[in-house]
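Given next are the chains, with one letter for each unit.
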Amino acid sequence: MPRMAHPQTLQPSKPGSTRTAAAEMPTKFPTGGRYLSYMAFGATAFFYLIVALQVLRMVLALAAGPEAWDRVLVSFQHPLYLGFHAITLAVLLWAGWRFLIKLSAKAQPKKIGPLRPPAAEAIPPLMGVLWLGASALVIIVLWGVFP
Amino acid sequence: MKTLIEKIEPFIWVLFGAGFMVGSLLLPAWVFTFGIAQPLGWVPEGALAFERVHALASNPIGRLLLLALIALPLWNAANHLRHFSIDLGGYERDGAVAPLLYAGAAVLSVVAIVAVVQL
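Cut-offs used in this document
- Residues numbered from 1 in each chain as written.
- Chains lettered and ligands numbered in written order.
- Predicted model: local features only at pLDDT ≥ 70, side-chain atom pairs only at ≥ 80, totals over all residues.
- Helix = DSSP H or I, 4+ residues; strand = E, 2+ residues; numbered from the N terminus.
- Rg over C-alpha atoms; globule rule 2.2 N^0.38 Å.
- Buried ≥ 20, exposed ≤ 12 C-beta atoms within 10 Å, placed from the backbone.
- Contact = placed C-beta atoms within 7 Å.
- Nonpolar A, V, L, I, M, F, W, Y, C, P; charged D, E, K, R; others polar.
- pLDDT = per-residue confidence, 0-100.
- Core = buried A, V, L, I, M, F, W, Y, C linked by C-beta atoms within 7 Å.
- Axes fitted to C-alpha atoms, helices over the stretch in contact; angles between N-to-C directions.
- Parallel < 35°, antiparallel > 145°, perpendicular 65-115°, else oblique.
- Left-handed = near helix turned anticlockwise from the far one by under 90°.
- Expected span 1.5 Å × (residues − 1).
- Arc of directions from axis to C-beta.

Asks: What exactly am I supposed to notice about the overall build of chain A here?
Replies: A count of helices and strands for chain A gives four helices and zero strands. For chain A, the sequential pattern of α-helices and β-strands runs α-α-α-α. For chain A, whose C-alpha radius of gyration is 22 Å, the value lies well above the compact-globule estimate of 15 Å for 147 residues. Projected onto its principal axes, the C-alpha coordinates of chain A cover approximately 70 × 40 × 30 Å. By the burial criterion, 21% of the 147 residues in chain A qualify as buried. A separation of at least 24 residues holds for 30% of the contacts in chain A among residues at least 6 apart in sequence.

Next comes the structure, spelled out in structure tokens:
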């Protein structure tokens, strides 16, 4: 199981016969160069955590009855909540883009059981179609278009 | 504890991948609908009324989707935050951070199962 890169992983378990340079953090870590987007991608986990807790709150409100449900919807009208949700939406779209479109093609194994995954260049458009379709389905159902 | 986490790590990575997939596909439209469109009055009247949403949520597919929408992103967040912590501070504090995050995800997943069953 590969682990995240860390200078300690470069350190030999016992001193070797040859001299090696001491492990040190890259100078640009954590906010310079490519590290910025890498660390920002890691930080998006906070938003997934908060949104998952929010969905849980909504389910608990649904279980509690109409008044609790209406209280949740009214609370979302607060300007701070509205601003938070706008930021959250932007974060989720960026993280989704990076995960589904940019990374999924690179993360495919050579074989999935007896099958080969689609060609690497076909995966981003396929994931894009899947993403648009899933989003459209959620909106169609929640907005009352269907069923 | 660390040995146990190393043993279950492949399973956690499966939950992480599934959580990222479900969260990426479904949560943006969810947040847009409930967090932006609903407060601004863009959603058609009655679409998010209690009776309709409860009927959608309490059928078997609705329950399963809601459970996936809560529990899987929780595991995604727990695993991603663990590695975010390792990136920032190394493995020294991972012995405390990883059990805390995974235990939190496990407890909240159980709460989500109970909440979804109670609908």
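Structure shown, so let's carry the discussion forward.
Asks: When you look at the interface of chain A and chain B in this model, what are you seeing that I'm missing?
Replies: When the parts of a complex come together, some accessible area is lost, and that lost area is often used as the size of the interface. Taken together, the contact between chain A and chain B spans 46 residues of the former and 53 residues of the latter. Elements with a minimum of two residues in the side of chain A that touches chain B: helix 1 (35-64), helix 2 (66-75), helix 3 (79-103) and helix 4 (123-142) of chain A. Looking at the side of chain A that touches chain B residue by residue, the class counts come to 36 nonpolar, nine polar and one charged.

Asks: Got a minute to help me understand unusual backbone geometry in this structure?
Replies: Across residues other than glycine, the phi torsion is negative in most instances, and most of the peptide bonds are trans. The step from Phe29(A) to Pro30(A) runs through a cis peptide bond, and the omega angle for that step is 5 degrees. Examined against the element boundaries, Pro30(A) turns out to sit in the segment before helix 1.

Asks: Help me understand the confidence of the model for chain B in this model?
Replies: With 98% of its residues at a pLDDT of 70 or more, chain B has an overall mean of 95. For this predicted complex, the interface score ipTM comes out at 0.95, alongside a pTM of 0.88.

Asks: What exactly am I supposed to notice about the nonpolar core here?
Replies: If you look at soluble globular proteins, the nonpolar side chains tend to sit buried side by side. In this structure, Ala52(A), Val55(A), Val59(A), Ile70(B) and Leu74(B) are the most contacted members of the largest nonpolar core, which totals 57 residues. Mapped onto this core, the elements with two or more residues apiece are helix 1, helix 3 and helix 4 of chain A together with helix 1 (2-37), helix 3 (60-89) and helix 4 (94-118) of chain B. At 13 residues, the largest contribution of residues to this core is made by helix 1 of chain B. Discounting chain neighbours no more than four positions away, the residues touching Leu74(B) are Leu49(A), Ala52(A), Ala105(B), Leu108(B) and Ser109(B).

Asks: I would appreciate a short explanation of the packing of helix 1 of chain A against helix 3 of chain A in the present structure.
Replies: Helix-helix packing is described using two parameters, namely the angle between the two axes and the distance between the axes. Residue and element names in this part refer to chain A. In the contact formed by helix 1 and helix 3, the axes pass within 10 Å of each other and the chain directions differ by 125 degrees. Between helix 1 and helix 3, the angle falls in the class oblique. In the packing of helix 1 onto helix 3, the handedness of the crossing is left-handed. Across from Phe41, Thr44, Phe47 and Val51 in helix 1, the residues of helix 3 making contact are Thr88, Val91, Leu92, Ala95 and Arg98. Residues belonging to the contact of helix 1 with helix 3 are distributed by class as follows: six nonpolar, two polar and one charged.

Asks: What exactly am I supposed to notice about helix 4 of chain A here?
Replies: One turn of the α-helix equals 3.6 residues, which is why residues spaced by three or four share an orientation. Residue and element names in this part refer to chain A. Helix length check: helix 4 (20 residues) gives 28 Å between terminal C-alpha atoms against 28 Å at 1.5 Å per residue, within 8%. Listed as buried for helix 4 are Met127, Trp131, Ser135, Val138 and Leu142. On an axial view of helix 4, the arc spanned by its buried residues comes to 65 degrees, and they lie on one face. Seen from the open side of helix 4, the exposed residues pointing more than 90 degrees away from its buried face are Pro125, Val129, Leu132, Gly133 and Ala136. Just downstream of helix 4 lies Gly144, where phi reads positive at about 85 degrees.

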